[in-house]
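This is what each chain is made of:
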Amino acid sequence: MRPLWVRTPTIPSTPMSARAGRPVWLKLENTQPVGSFKQRGMGLSCARAVDAGAERLLTSSGGNAGYAVAWAARALGVPVTVVVPRRTSESMRARIAAEGAEVVVHGEVWDDAHVHAQSLSGALIHPFDHPDCWEGHATLVHEVADDGLRPGLVVVAVGGGGLLAGVAQGMADVGWADVPVLAVETEGTASLGAAVAAGELRTLDAIEGVALTLGARTVCQRALDVALERQMTVRAVTDAQALAAVDTFRVEHRMLVEPSCGAGLAAVEAGTLPGEGPVLVIVCGGAAAR
Ligand SMILES: *Cc1c(COP(=O)(O)O)cnc(C)c1O
């Protein structure tokens, strides 16, 4: 069996450190074979489903999660159906199909695709709301700790909150429970911010802007719980800030990431940062970048 994800490097960023006035480290999840951290959580979720006897996998994501599930299914040697909404670009559909997945187009946005997937046969792999997913994502924190690094702040982009839940779990595993976390959304996808402000889950009427990968109308309960328990700072950046950060990152580090990832990078430059000492930015990546 092929490994389901790779160990990614953590590199210091001289230009970002200079601007932030404190060391900035980048955990390069964009260097996963499918271009994002999704490879971890989806990989582990798929492996567990197959171990439990699943003969066919199924997921509902037009983005990086669908791509990661397609990749994992191929590695595990099982067929997979990926339901994508119409918003998913042709190039992303093609990447998913190239892994051997059956691609079904249904509905306008992720929520529609997800409802349709629930009516199909196969073990449904949730793109962000499952303990196996969080456990897989947590491994990225284990790697940074293994590298001997201990940050004074961790910066994480938030869509449905699977990454946030996994990072919080990983931080607890390695004894970083007291390290502050900055959770970042764009203004048009700020479902965690709305939930934290209300003290309970909130569903956005619409998803707006360029960071579609962050566009879950409601975050998972686990993400809200960890954000409240750990008293995380939650911030929203503008689309323009996210796009500018993608461009700066491309020029300074010669790698292309999605606007969703740009949101996290932008937050390092926008406003005062919590905590003291090195800032660890999870460079979540994204294969829909163009
Ligand atoms: C999925 C994804 C996110 C958001 O992750 P959640 O687990 O949904 O919060 C952020 N960036 C990229 C590139 C992603 O693929």
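Remember, predicted model here, so these are calculated numbers, not experimental data. (Residues numbered from 1 in each chain as written. Predicted model: local features only at pLDDT ≥ 70, side-chain atom pairs only at ≥ 80, totals over all residues. Heavy atoms only, no water.)

Chemist: Can you break down the layout of surface pockets residue by residue, with the values?
Modeler: If you add up the space inside the largest pocket, you get close to 930 Å³. Lining the largest pocket are 48 residues, and of these G63, L212, T213, L214 and E258 lie nearest its centre. For the lining of the largest pocket, the elements supplying multiple residues, two or more each, are α3 (64-76), α5 (110-117), α7 (162-173), α10 (239-253) and α11 (259-267). For the lining of the largest pocket, the class distribution of residues is 25 nonpolar, 17 polar and six charged. Split by domain, the lining of the largest pocket shows at least three residues from each of two domains, domain 1 (10-37 + 131-289) and domain 2 (39-125). (1 Å grid on protein atoms, 1.4 Å probe; cavity = no way out; pocket = protein on both sides within 12 Å on 5 of 7 lines; lining within 4 Å. Points joined across faces, edges and corners; volume = space filled by probe spheres on them. Helix = DSSP H or I, 4+ residues; strand = E, 2+ residues; numbered from the N terminus. Nonpolar A, V, L, I, M, F, W, Y, C, P; charged D, E, K, R; others polar. Domains from an automatic or database assignment.)

Chemist: Just give me the short version of unusual backbone geometry, but keep the residues and values in it.
Modeler: Of note, Q231 is a non-glycine position whose phi angle comes to about 50 degrees, a positive value. Along the polypeptide, Q231 turns up in the loop between α9 (221-229) and β9 (233-237). Q231 gets classed as exposed once you look at its relative accessible area, which sits at 69%. At R254, a residue that is not glycine, the phi angle is positive and equals roughly 60 degrees. For R254, a relative accessible area of 66% corresponds to the exposed category. (Buried < 20%, exposed > 50% of the residue type's maximum accessible area, 1.4 Å probe, protein only.)

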